[in-house]
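What follows is the residue order along each chain.
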Amino acid sequence: MKVQTFIIPLLNLDTKEQVSKLNQMISEVENLDSFFIDLSNKSVSLTAKKMPKVAAKVFQILKQNNFKIDSVVKNYPVLNMTCASCASSSQANLKRQPGVVNAEVNYGNGMGKIEYIPSLTSPENLKNALVEVGFDLVIDESKNQDEEIEQLHEDKYLSLKKNVIWALVFGIPLFIIGMFFMNMPYGNYIMWALSTPILFIFGQQFFVGAWKQLKNKTANMDTLVALSTGVAYIFSVFNTLFPEYWHSKGLHAHPYFEAAGLIIVFILIGKLMEERAKRNTSEAIKKLIGLQPNTVSVLKNGNQVEVKIEDVQIGDLILSKPGDKIAVDGIIISGETFIDESSLTGEPIPVEKGVDATVFSGTLNQNSPIQYKALKVGNDTLLAQIIQSVKNAQGSKAPVQQLVDKIAGIFVPIVIIIAILTFITWLVLGQENAFTMALLSMITVLVIACPCALGLATPTAIMVGMGKGAEQGILIKNAESLELAKKIDTIILDKTGTITEGKPKVQELIWFDDSAKNILYTIENNSQHPLAKAITAHIGKQENLSDLKIEDVSGKGLKATRLNKEYYVGKISWMNELNIQIEENVKQTIQDFSTKNYTTSFFGDNENVLGLIGISDEIKATSIEAIKAFHEKGIEIWMVTGDNEFSANAIAKQVGIDQVVANALPHDKMNIIKDLQNKGKIVAMVGDGINDSAALAQADVSIAMGNGSDIAIDVAEVTLIGGDLTKINHAINLSTQTVKTIHQNLFWAFIYNVIGIPIAAGVLYPINGFLLDPMIAGAAMAMSSVSVVTNSLLLKYKKI
């Protein structure tokens with residue numbers, strides 16, 4: 001065996017302590033001839049004869065110890081798969097390639113998620129490796145890739161449909177002759193003529209696939225179908241040409257052309273129904289892609305120009321008329337309208353948008369023309385990111401699927417062994433026509449035991465669940481999170497932007513003298529303070545006084561001068577320093593504002609307080625409802641916030657949260673989650689800010705508010721588009737329904753094989769003389785796959 005060497009580049013190999021730690025762990029890897037850790041080049045060099053196994057173990061060690069491999073993760077369509085064994089076979093082949101860190105091939109959506117090191121391999125090498133074993137990889141990443149893949153699947157579906165129609169044209173008369181007119185003159189030869197094109201023209205894909213698998217010493221569904229129908233066909237040809245051979249032994253062996261041909265017909269029909277059903281599971285992706293228009297009206301030099309969506313550039317000014325879809329992410333430059341954002345957020349109520357408001361690709365302009373400037377185009381738009389996230393999520397595998405993959409990988413060889421044992425048992429224990437019975441039973445076992453239903457059980461449910469979540473504004477990034485969400489027993493909520501709106505608003509402005517209202521307006525209108533806009537919005541449009549001189553007093557507030565008179569806006573504590581007279585009614589109002597948990601600012605002149613401003617961050621309308629739903633599920637709720645204790649407790653009391661931690665720094669949030677996890681809790685963290693990212697990374701299920709920071713959204717496994725907390729409850733319900741569907745699918749897939757294989761082998765024959773017909777076995781096998789996919793599709797219609 002040839003010795004191989006390759007180098008693994010790392011991104012965060014920075015210290016000698018890390019090198020020492022790695023040296024100790026890698027030295028324990030079996031079958032490793034030699035290795036070298038290069039700190040200066042941040043790499044690990046391996047030399048071994050059994051490189052795939054060695055590299056896989058080293059990759060595992062690196063990931064478990066938080067070393068970041070300099071790799072890329074890509075999702076490519078995998079073609080020519082016919083069953084779950086194909087997914088296991090192609091996945092194993094990819095994992096064997098030098099430079100591949102990990103590979104997951106999903107039979108349900110035909111996608112391969114591949115992590116590889118660009119310096120060691122390339123998509124072209126991976127494609128060639130799969131082509132050698134009978135599969136293919138679509139590595140084209142052009143803008144039209146989705147359309148091309150869709151066309152490939154459509155061509156495959158149409159080709160399959162054509163084969164089914166022609167197979168039926170030959171199969172129906174074959175069935176009639178085989179069942180009712182077997183003894184007609186030249187009946188055997190007519191059936192031979194009818195079955196031959198069914199097997200070797202319309203069903204040739206099974207024989208081609210089986211041959212490719214044989215060349216690579218593997219087996220899949222094609223192997224089972226080709227073996228069963230091929231053996232039946234050859235046996236029938238022999239019986240037709242040499243009937244005297246059996247007559248001389250006192251036997252009358254029938255030809256089974258109709259069994260061989262109709263097995264292919266039934267399996268082709270099943271594959272057609274399966275393809276149609278699988279197309280339905282990806283409807284969510286198609287709907288999301290369909291939200292973006294193909295062309296858009298761009299304003300250039302005052303003229304309206306129609307351009308393709310892919311030609312839109314950042315900074316382009318785009319015209320949107322009522323009824324138009326928003327083409328790219330941007331900001332409104334002129335006009336006011338209502339935007340239907342239900343496609344992204346799941347919220348049915350249109351949102352009012354005006355100048356400086358953000359608009360998103362895929363949403364719908366409802367009632368007025370607007371002009372907006374493109375800020376994000378192509379793959380950077382929110383819609384494009386959602387589409388990619390859903391694709392990645394649907395291609396990921398739930399933990400339960402890993403066990404299913406292992407079973408599917410060894411299933412076909414086990415079935416072949418069972419079929420051979422069935423044949424031998426019938427030969428030994430059978431009496432009259434023992435050989436014929438043995439052959440038929442073996443063929444029936446091979447036909448009925450296809451692992452398709454087993455392979456489709458998990459991915460189809462995951463795909464439908466992910467798609468349904470996306471349509472409801474719940475973006476789930478991986479299957480593991482979807483499976484785990486139902487087990488959540490503790491939820492940690494950030495306060496600002498999660499429970500509350502995250503947008504301070506003036507709740508009350510009490511005037512003691514409103515003659516200087518336009519002065520306060522002018523001060524705030526010229527201020528950059530975060531609360532200034534809230535105050536001007538509350539006051540309403542006033543005259544902007546140009547003769548007002550404004551200066552910032554650090555840490556206290558703002559000072560303005562007009563006509564030799566001074567005015568102040570700022571903290572309550574500043575009033576005492578300025579020796580402003582504080583009347584009893586002012587003191588009472590300050591006390592009232594404090595009780596209501598307002599942040600209070602004053603507005604006054606040299607002598608008196610002219611007004612008091614009470615500002616607070618409003619609780620989201622849905623927060624109380626969401627937290628009530630969590631309590632009903634028995635989930636423990638914590639609020640962990642960086643805000644002060646008084647404000648935190650006031651908000652917690654209003655929404656019904658008992659466990660409160662205030663003045664929490666980012667690492668405090670993370671440590672609280674660790675402590676809860678050490679107590680055996682399954683913890684979900686919900687946040688929206690950069691300061692939440694460490695806690696989100698630590699949590700079992702991390703949930704980001706869609707209106708929060710990009711970093712929080714990147715770290716989180718679940719994103720709530722629009723930031724509605726009630727969607728967490730929907731996500732938990734969706735997880736429960738999806739996992740229930742997976743378990744139902746797996747139960748029926750396993751039971752089908754547990755019951756079907758022994759019956760096919762003939763265990764009932766000694767009891768009641770029943771022997772399963774191979775044709776019926778073929779139909780049952782096809783229907784098992786269709787039933788599993790249909791059960792998954794029912795998820796779409798369940799309320800969450």
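So, how was this worked out
Residues numbered from 1 in each chain as written. Predicted model: local features only at pLDDT ≥ 70, side-chain atom pairs only at ≥ 80, totals over all residues. Heavy atoms only, no water. Helix = DSSP H or I, 4+ residues; strand = E, 2+ residues; numbered from the N terminus. Buried < 20%, exposed > 50% of the residue type's maximum accessible area, 1.4 Å probe, protein only. Contact = heavy atoms within 4.5 Å. Areas by Shrake-Rupley, 256 points an atom, 1.4 Å probe, with all protein chains shown as cover. Pairing = 2+ DSSP bridges. Axes fitted to C-alpha atoms, helices over the stretch in contact; angles between N-to-C directions. UniProt positions renumbered as here; feature names shortened; annotations may be inferred. Core = buried A, V, L, I, M, F, W, Y, C linked by side-chain atoms within 4.5 Å. Arc of directions from axis to C-beta. Salt bridge = Lys/Arg side-chain N within 4 Å of Asp/Glu carboxyl O. Expected span 1.5 Å × (residues − 1). Phe/Tyr/Trp six-rings, centres within 6.5 Å; stacked < 30°, edge-to-face > 60°. Left-handed = near helix turned anticlockwise from the far one by under 90°. Nonpolar A, V, L, I, M, F, W, Y, C, P; charged D, E, K, R; others polar. Polar contact = N/O pair within 3.5 Å; in protein donor to acceptor, adjacent residues only side chain to side chain.

Engineer: Could you clarify how one ought to interpret the overall build of the protein in this entry?
Structural biologist: For the protein, the count of helices and strands is 30 helices and 29 strands. A burial count over the protein gives 52% of its 800 residues as buried. Within the protein, counting contacts between residues at least 6 apart in sequence, those at least 24 apart form 68% of the total. Accessible surface for the protein amounts to roughly 37,000 Å². Of this, 55% is attributable to carbon and sulfur atoms.

Engineer: Help me out: how do you make sense of the sheet that holds strand 25 (residues 636-640) in this one?
Structural biologist: Hydrogen bonds between backbone atoms are what pair the strands of a sheet, whose relative direction is either parallel or antiparallel. Strand order in the open sheet made by the 7 strands is 17-29-28-27-18-25-26, with mixed pairing throughout. Two strands in the sheet have a free side with no partner beyond their single neighbour: strand 17 (474-476) and strand 26 (659-661). Along the sheet, successive strands turn relative to each other by an average axial angle of 20°, direction set aside. Along the sheet, helix 28 (residues 726-761) contacts strand 17, strand 18 (490-493), strand 27 (683-687), strand 28 (701-705) and strand 29 (718-720); its crossing angle with strand 17, the most-contacted strand, is approximately 50°.

Engineer: Would you take a moment to explain the side chain of S623 for this structure?
Structural biologist: Structurally, the position occupied by S623 is in helix 23 (residues 623-632). We classify S623 as buried; its relative accessible area is 0%. Apart from the residues lying within four places of it in its own chain, the contact partners of S623 are T498, I499, V655 and L725.

Engineer: Can you help me understand the UniProt feature "transmembrane region" (unreviewed entry) in the protein in this one?
Structural biologist: According to UniProt, the "transmembrane region" (unreviewed entry) feature falls on residues 164-183, 189-211, 223-242, 254-273, 407-429, 435-458, 746-768 and 774-795. Segment residues 189-211 splits into 96% helix and 0% strand. End C-alpha atoms: 27 Å apart. Taken end to end, residues 223-242 is 95% helix and 0% strand, and its first and last C-alpha atoms sit 28 Å apart.

Engineer: Got a minute to help me understand the environment of L319 in this structure?
Structural biologist: Turning to its location among the elements, L319 is positioned in strand 10 (residues 317-320). Taking C-alpha positions, L319 is 9.8 Å from S334, a pair spaced 15 residues apart along the chain. With sequence-adjacent residues up to four places away left out, L319 is seen in contact with S297, L299, Q304, D324, I370 and Q371.

Engineer: Would you explain the nonpolar core in this entry?
Structural biologist: Generally speaking, a soluble globular protein has its nonpolar side chains buried in company with each other. I264, L268, V415, V445, L446, I448 and I757 are the most contacted members of the largest nonpolar core, which totals 53 residues. Judged by nonpolar contacts, the second largest core, of 42 residues, contains F630, I637, A662 and M705.

Engineer: I would appreciate a short explanation of helix 4 (residues 123-132) in the present structure.
Structural biologist: Given 3.6 residues to a turn, an α-helix orients residues that are three or four positions apart in the same direction. Along helix 4, the positions that sit buried rather than exposed are P123, L126, A129 and L130. Viewed along the axis of helix 4, the buried residues span an arc of 125°, placing them on a single side of the element. Looking one or two places after helix 4, you find G134, whose phi comes out positive at around 95°.

Engineer: How do you make sense of the pattern of salt bridges when you look at a structure like this?
Structural biologist: Pairs may arise between side chains of opposite charge once their charged atoms sit close together. Applying the stated rule across the entire model yields 10 salt bridges. For K681, the salt bridge is made with E636, and the minimal N-O distance between the two is 3.5 Å. One end of the pair, K681, is in the loop between helix 25 (666-678) and strand 27; the other, E636, is in strand 25, and 45 residues separate them in sequence. The class of K681 is partly exposed, set by a relative accessible area of 27%.

Engineer: Teacher, can you tell me more about helix 28 here?
Structural biologist: Over its 36 residues, helix 28 extends 53 Å from the first C-alpha to the last, a length consistent with the 52 Å expected when each residue adds 1.5 Å. At the C-terminal side of helix 28, G762 shows a positive phi close to 100°.

Engineer: In this structure, what is going on with the packing of aromatic side chains? I would like to understand it.
Structural biologist: Describing an aromatic ring pair means giving the distance of the ring centres and the angle of the ring planes. Scanning all chains against the criterion turns up 15 aromatic pairs. Aromatic side chains Y233 and F257 sit 5.8 Å apart centroid to centroid with 75° between the ring planes, which places their arrangement in the edge-to-face category. Of this pair, Y233 sits in helix 8 (residues 221-241) while F257 sits in helix 10 (residues 257-281), placing them 24 residues apart in sequence. A ring pair is formed by F593 and Y598, whose centres lie 5.3 Å apart and whose planes are at 65°; its orientation type is edge-to-face. F593 gets classed as buried once you look at its relative accessible area, which sits at 1%. On the basis of relative accessibility, which here comes to 18%, the residue Y598 falls in the buried class. Grouped by ring-pair contacts, the aromatic residues Y189, W192, F200, F207, Y233 and F257 constitute a single cluster.

Engineer: What should I look at first to understand the environment of I759 in this one?
Structural biologist: Tracing the chain through its elements places I759 in helix 28. Look at I759 and you get partly exposed, because its relative accessible area is 22%. Leave out the neighbours within four places in its chain, and I759 touches L764, F770 and L772.

Engineer: Hey, could you run me through the sheet that holds strand 12 (residues 337-340) in this one?
Structural biologist: Within the open sheet, the 3 strands sit side by side as 13-12-15. Their pairing is antiparallel. Lying at the two open borders of the sheet, with one neighbouring strand each, are strand 13 (351-353) and strand 15 (364-365).

Engineer: Can you walk me through the packing of helix 19 (residues 517-525) against helix 20 (residues 532-539) in this structure?
Structural biologist: Axes are the key here: two packed helices are described by the angle between their axes and the distance separating the axes. Their axes nearest at 8 Å, the elements helix 19 and helix 20 cross at an angle of 145°. Both helix 19 and helix 20 take part in a crossing whose hand is left-handed. Side by side, helix 19 and helix 20 meet where K517, L520, Y521, E524 and N525 of the first sit next to A532, I535, T536 and I539 of the second. Within the contact of helix 19 with helix 20, the residues separate by chemical class into 5 nonpolar, 2 polar and 2 charged.

Engineer: Even after reading the chapter, I still don't get the packing of helix 23 against helix 28, so can you show me in this structure?
Structural biologist: Interhelical geometry of helix 23 versus helix 28 gives an angle of 35° and a closest axis separation of 7 Å. On helix 28, the residues that touch E625, A626, A629 and F630 of helix 23 are T726, I728 and N729. Broken down by class, the residue content of the contact of helix 23 with helix 28 amounts to 4 nonpolar, 2 polar and 1 charged.

Engineer: Looking at this structure, how should I read the side chain of N365?
Structural biologist: Within the secondary structure, N365 sits in strand 15. Taking the relative accessible area as the measure of exposure, N365 reaches 0% and is therefore buried. At 2.7 Å, the side chain of N365 forms a polar contact with the side chain of T337. Residues contacting N365, with those up to four places away along its chain left out, are S320, K321, P322, G323, D324, I326, T337, F338, I339 and I370.

Engineer: How do you make sense of the pairing of strand 24 (residues 609-619) when you look at a structure like this?
Structural biologist: In terms of residue burial, strand 24 counts as a mostly covered element, since 9 of its 11 residues are buried. As defined by bridge partners, strand 19 (residues 500-511) adjoins strand 24 across 8 bridges and the pair is classed as antiparallel. Its bridge partner lying in strand 24, P504 is registered against D617. Counted along the chain from strand 23 (residues 599-605) to the antiparallel partner strand 24, the turn is 3 residues long.

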